[in-house]
Amino acid sequence: LNLCKHKTETQMLFYKNEQLVLHFLHKILHSQYLVMEGSLELPQIFFMRAAMGLAVEEDNKEERAIEFYRLLSSFDYMSSTPTLFNSGTLRPQLSSCYLTTIPDDLDGIFGAMKDNALLSKWAGGLGNDWSPVRALGSYIKGTNGKSQGVVPFLKVANDTAVAVNQGGKRKGAMCAYLETWHLDIEEFLDLRKNTGDDRRRTHDMNTANWVPDLFMKRVELDKNWTLFSPGETPDLHDLTGLAFEKRYEEYEALAAEGKMDQHKTIPAKDLWRKMLTMLFETGHPWITFKDSCNLRSPQQHIGVIHSSNLCTEITLNTSNDEIAVCNLGSVNLPQHMRDGILDEEKVKRTVTTALRMLDNVIDINYYSVDTAKNSNLKHR
């Protein structure tokens, strides 16, 4: 900088950028940066590509691209990783996370595996609701056999996330959700352990409990908790609150009368203790609350929320014809502070532009799965 003390501001900016280029070249020589096909995307070009990609369908493309670029390059706002990866490319998959419900049949299960692979290929994170899948030992009418339960399919899902690793840019990211009344819940808690049968472990996949309020009431009152197979209790999956409690207790009464084939009664505190033990030991499954998420949902008229994603910041409805989509971006609030006070006018400007960018994410997005497009456009 001493060399530049008498130069103009423009020349100084050029000098700084020149130093940045030299810095990157130095890193390349020491193999700290990956160069693909002989090209390197420097930060300025990186942000401009993302901005131009998001402005491609605007009437005033250049003005919008500059507006988006200034917001990104200033770090006042940052688009999500898939948007930064894929904006301005041939396959602009710009959304962050996808939530699916896995149906209880072989065609549906492996159809969901294919959907997972396609979504993960283009840098989407995945949250899978596995609660409808029948438990270990359930009767299979078509073959007159018995089901292997949820766990073997989770192993396949785990290996799918490893194999399809977001275009080689980062690891596949997947989370499986299971409701606490599911008969396979105890095995589900063990999925991330480093001991036991490795064929029944998922070392690369996140797991989460989807806990109804009734279970916590049973823990508090030191009462028993009954586990069921969704093959016999399919409606529990779509019930919340008092409706869930009423139907669950009806199933418990039927089980007590010997009118249900698959059930298991355990002290609620014992299951809660195991849930906490696994959380401390492995970090999984994390605990999420079904009734709280549904009670606070602004889309209760659409249906029941069955899961979140791997980051638990999104709770949206899923169904057989809808894969819920999460479109993310981050406002950098420290950048909006002035003398220790939040600059609300700057926040307003930032959020207005950010929302336009997110709206464009939904319109421009490359949807590898039609059910995701259906959901994102319908509930934008």
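Just so it is clear, the model here is predicted, and its values are computed rather than measured.

**Student:** So, helix H13 (residues 370-378): which residues are in play, and what are the values?
**Tutor:** Among all positions in H13, only Ala 372, Ser 375 and Asn 376 are buried. End-on, the buried residues of H13 take up no more than an arc of 95°, which puts them together on one face.

**Student:** Tell me about the nonpolar core, and please be specific about residues and values.
**Tutor:** Trp 130, Leu 154, Phe 215, Trp 225, Phe 228, Tyr 248 and Leu 271 are the most contacted members of the largest nonpolar core, which has 50 residues in total. Among the secondary structure elements, those contributing two or more residues to this core are helix H5 (106-121), helix H6 (151-163), strand E6 (174-179), helix H7 (185-189), helix H8 (213-220), strand E8 (224-228), helix H9 (241-256) and helix H10 (268-282). Looking at this core, the element that brings in the most residues is H6, giving five residues. Beyond its immediate stretch of four places on either side in the chain, Trp 225 contacts Thr 180, Trp 181, Pro 212, Leu 214, Phe 215, Arg 218, Tyr 248, Lys 264, Thr 265, Ile 266, Ala 268 and Leu 271.

**Student:** Quick one: what's the story with the sheet that holds strand E2 (residues 97-101), residue by residue and with numbers?
**Tutor:** Read from one edge of the open sheet, six strands run E10-E7-E6-E3-E2-E11, paired in mixed fashion. Strand pairing shows two members of the sheet lacking a second neighbour, strand E10 (286-289) and strand E11 (324-326), which therefore form its edges. Looking at each pair of strands side by side, their axes are set apart by 25° on average, direction ignored. Two strands pair when backbone bridges link them, and strand E3 (residues 125-129) and E6 are joined in this way by four bridges, in the parallel orientation.

**Student:** So what's going on with the packing of aromatic side chains? Residues and values would help.
**Tutor:** Taken as a whole and assessed by the stated rule, the structure comprises 11 aromatic pairs. Residues Phe 47 and Phe 75 carry aromatic rings whose centres are separated by 5.7 Å and whose planes lie at 90° to one another, so their mutual orientation is edge-to-face. Of this pair, Phe 47 sits in helix H2 (residues 43-54) while Phe 75 sits in the loop between helix H3 (61-73) and strand E1 (77-79), and the two are 28 residues apart along the sequence. Each residue in the set Phe 215, Trp 225, Phe 228, Phe 244, Tyr 248, Tyr 251 and Trp 272 is aromatic and connected to the rest through ring pairs, giving one cluster.

**Student:** Before we move on, could you go through the confidence of the model for the protein and cite the residues and values that matter?
**Tutor:** With 90% of its residues at a pLDDT of 70 or more, the protein has an overall mean of 90. Across residues 1-11, confidence stays below pLDDT 50; counting only partners more than four residues off in sequence or on other chains, it has seven contacts.

Reading the values: rules and limits
- Residues numbered from 1 in each chain as written.
- Predicted model: local features only at pLDDT ≥ 70, side-chain atom pairs only at ≥ 80, totals over all residues.
- Heavy atoms only, no water.
- Buried < 20%, exposed > 50% of the residue type's maximum accessible area, 1.4 Å probe, protein only.
- Helix = DSSP H or I, 4+ residues; strand = E, 2+ residues; numbered from the N terminus.
- Arc of directions from axis to C-beta.
- Core = buried A, V, L, I, M, F, W, Y, C linked by side-chain atoms within 4.5 Å.
- Contact = heavy atoms within 4.5 Å.
- Pairing = 2+ DSSP bridges.
- Axes fitted to C-alpha atoms, helices over the stretch in contact; angles between N-to-C directions.
- Phe/Tyr/Trp six-rings, centres within 6.5 Å; stacked < 30°, edge-to-face > 60°.
- pLDDT = per-residue confidence, 0-100.

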